[in-house]
Each structure stands twice: as structure tokens, then as C-alpha cells.
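What the coordinates show
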Amino acid sequence: MLEVNKPYLPNKERYFNYIERIYESGWVTNEGPLKKELEHKLAKYLEVKNVVLVANGTLALQVAIRAMGLSGEVVTTPFSFFASSSSLAWQGLTPRFSDIDGSSLNIDASKIGESVTDKVSALLPVHVFGNPCNVEMIADIANYFKLKVIYDASHAFGVKYKEKNVLSYGDVSTVSFHATKLFHTIEGGAVITEDDALADRVRKIINFGFSSPYNHEELGINAKMNEFEAAMGLCVLEEIDNIFSERKRLSLYYKSRLNDVVSFQNKSEFSNENYSYMPVIFDSERSRVLVEEKLVSNNIAPRRYFYPSLDSIEVLRGVGFCPVSRDISSRVLCLPFFVGLTQSDQDRVIDTILGAL
Ligand SMILES: *Cc1c(COP(=O)(O)O)cnc(C)c1O
């Protein structure tokens, strides 16, 4: 089966060298040296002030939401992975879904204002597939209504918006470093913020709320990243340029051959692409179904990222109905896309799609 994704495994020697160091020091978790090294290297690479590494991207969101003291409702996008809204519901907040723009696939900033009620305390937009949101309009709306902004930037590793890293916008950005992501630490994630006090609060919360060994200043949780994960991150970071160039090459080839039969996400003109996913949008739900059936029968597993539209998921207990998101959800597929995908694999995917249509 050709899967949609395959975790990137860095050079084995490189990883084993780090593992040696872990065996020598005996330090496997809890503020370990590799975790600290990775935090420094990422802050430098991403040109951001504070990077707090955590156990996964979902906890990054939950901890950030908690550290910011949000309450009531949070305006968010219905077109995302489940965790961007489940983290709100898990913290006892109500997701208020505001519809997307059908070409950028991001929350439609011009409609956010209509969704702001007096219960809303924050905005939680997502840079979907690494495409930056309209960060300036979102900042204006947040200022006007006095709301916090937390970006789920899980897809936006390595993306700059007008010369500044997109992770530096908003009060906080969270990222996921799950094995299927562009940059990964097996499981992992980070809370990123320019606000030092908020970063300190997050550091406390992810370690049970300890302020000193026997002192709990507030309720916390365990969301720490371990040394084996940090070692993986250090290795992947050393190979990141190659990852970007390989993914770019794969993306250009897909686009060159599928350009006439599907449409693609409309990327911001103010940013670079990071080639994090390969979404294609069909002209109708029927075409998507036809193509999906043909792919699966040819042992190719595309993924319906994102389906279902989050405004239709009962357990999230959200409010708002989003027809644009539901429509896109019915017509989108993400194609197999990872370093190591061969040209003959790509041709097999492309020929199957062309044949089905
Ligand atoms: C992957 C992802 C998450 C969750 O991250 P995990 O590390 O898997 O917990 C959250 N939001 C978005 C948009 C994601 O793609």
C-alpha cells in the first residue's frame, strides 16, 4: 500500500551518535541537554524568541490555551485536524466555527467579526497546509475586540510571511512535531511565543506546575519531551534543507501533471511554500469519490484532509454552520507525499487520477 505519508528517518549513524550520548549521560528526560539544545537551535532557525518543547502538538495547544487563561468561546476554523478544536473542548471552551475561504482554505478573516460574541475570548486560526492566514487582518480584529490570538501552526514549519517567520505572529503559535509532519521528533510539539512571561508559565505548566521541587504554584500537567525525541529532532533539523528541496521537487511534478484536472490551494503571495502536504481539490464530490475508489483499488491510500468539517462533529459541541468548509471537505484529497516517494510511485498516482476522471 502506498500511504499518504511516511515518517522521515534521518541518517542512522547521526542518530546513533546522539543515542550514545544519552547512554553515556544516563539522562533520558526532564530538562535534558538534548532537549535544551534543540530548543536553542529551533529558536535560532525559526528566528523566534521562545520555543518550549512539549510531548505533542495537541498538548502544545492545550497548555497554551490554559496558560493564556482563555474562557467561554474561541473563534476557530472548521477546516483543520480534529485537535485544533478538541483542545478547546478539552479545556472546557466552546469552539465557535467561522467559515473558510474556499481558495486559501484558511479561516476567512473578513467573516471573523460576525462570529465574535461577548463570550469570545480568543481567536484560534490555523495556517492550513502551511499557507499563512491573513495575519494582519486577524491582528486588527483581535485588537478591536480585545481578543487573544493563538495560531495552530502545526503545518507551518519554515514558513515566512513578509520576511518574518509566521510563527512570530499572534500571542502564541503552537506546532506539532509528529512523525508525519515535515519536521518531526517522532512525537512532539512546541509552544512558541515572543512573550517571556507566558513562556515561563508554559514551562511550569508542562512540569506539573512545579515552581520548585516541593512547591506547586498552580495546577499543571506532564507534557515534557524526552531525550530520544529531541535527538531525532536534532538529526532531522540537520537534514532539513534536503527535506524542503525534495518535497518541492515532488510537489512541482504533481502540479505539472495534474494542473488541468484538479485545483490547488491558493497560496499567499507574501510567503514561501513549505510543501507540507499535497492537497488536490476536485470539481465535484462525485469526482473525488471516483478518484478515491480507483486509488484505493490500486493500493494507494490518499487521505481526506480534512474531513469531516469540524462544525459537523457532535463531540466538539461547537457552534456555527460552515457551508464552504463542508463543501471543500467533500472534494479534497491529500496525495502520497514524502521524502523517498519515487517518480514511478508518483506516476502511478497521477495516471490513476487521470484515468478515473
Ligand atoms: C498534527 C496536528 C495537530 C496535532 O498534533 P499532534 O502532535 O499529533 O498531537 C494539531 N493541529 C493540526 C492542524 C495538526 O495537523
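An account of the accompanying structure is given in this report. The shown structure was predicted, so the numbers you read here are calculated from the model rather than taken from an experiment.

1. Section: the overall build of the chain
Within the chain, the secondary structure is distributed over 12 helices and 13 strands. For 357 residues, the compact-globule formula gives about 21 Å, and the C-alpha radius of gyration of the chain, at 20 Å, lands near that figure. Overall, the C-alpha framework of the chain stretches about 65 × 55 × 35 Å when taken along its three principal axes. Relative to its 357 residues, the chain shows a buried fraction of 55%. Taking the intrachain contacts of the chain between residues at least 6 apart in sequence as the baseline, contacts between residues at least 24 apart amount to 71%.

2. Re the environment of Ser86
With respect to the secondary-structure elements, Ser86 resides in helix α4 (residues 83–90). Overall, the relative accessible area of 15% leaves Ser86 in the buried class. Separated by 229 residues in sequence, Ser86 and Val315 have C-alpha atoms that sit 8.6 Å apart.

3. Here's the deal with the packing of helix α3 (residues 57–67) against helix α7 (residues 196–205)
Relative orientation of the contacting elements α3 and α7 amounts to 120°, with a least axis distance of 9 Å. Between α3 and α7, the interaxial angle falls into the category oblique. For the pair α3 and α7, the crossing hand works out as right-handed. Between α3 and α7, the contacting residues are Val63, Arg66 and Ala67 on the first element and Leu198, Arg201, Val202 and Ile205 on the second. Tallied by class, residues from the contact of α3 with α7 come to five nonpolar, no polar and two charged.

4. Observations regarding the site of the ligand
The environment of the ligand is formed by 13 residues, the closest being Thr58, Asp152, His155, Ser176 and Lys181. In the environment of the ligand, an oxygen atom lies 2.8 Å from a nitrogen or oxygen atom belonging to the backbone of Gly57. Separating an oxygen atom of the ligand from a side-chain N or O atom of His155 is a distance of 2.7 Å. Out of a free accessible area of 380 Å², the ligand has 91% covered by protein chains. For the shell around the ligand, the residue count by class is two nonpolar, nine polar and two charged.

Criteria and thresholds
Residues numbered from 1 in each chain as written. Predicted model: local features only at pLDDT ≥ 70, side-chain atom pairs only at ≥ 80, totals over all residues. Heavy atoms only, no water. Helix = DSSP H or I, 4+ residues; strand = E, 2+ residues; numbered from the N terminus. Rg over C-alpha atoms; globule rule 2.2 N^0.38 Å. Buried < 20%, exposed > 50% of the residue type's maximum accessible area, 1.4 Å probe, protein only. Contact = heavy atoms within 4.5 Å. Axes fitted to C-alpha atoms, helices over the stretch in contact; angles between N-to-C directions. Parallel < 35°, antiparallel > 145°, perpendicular 65-115°, else oblique. Left-handed = near helix turned anticlockwise from the far one by under 90°. Nonpolar A, V, L, I, M, F, W, Y, C, P; charged D, E, K, R; others polar. Near = heavy atom within 4 Å. Polar contact = N/O pair within 3.5 Å; in protein donor to acceptor, adjacent residues only side chain to side chain. Areas by Shrake-Rupley, 256 points an atom, 1.4 Å probe, with all protein chains shown as cover.

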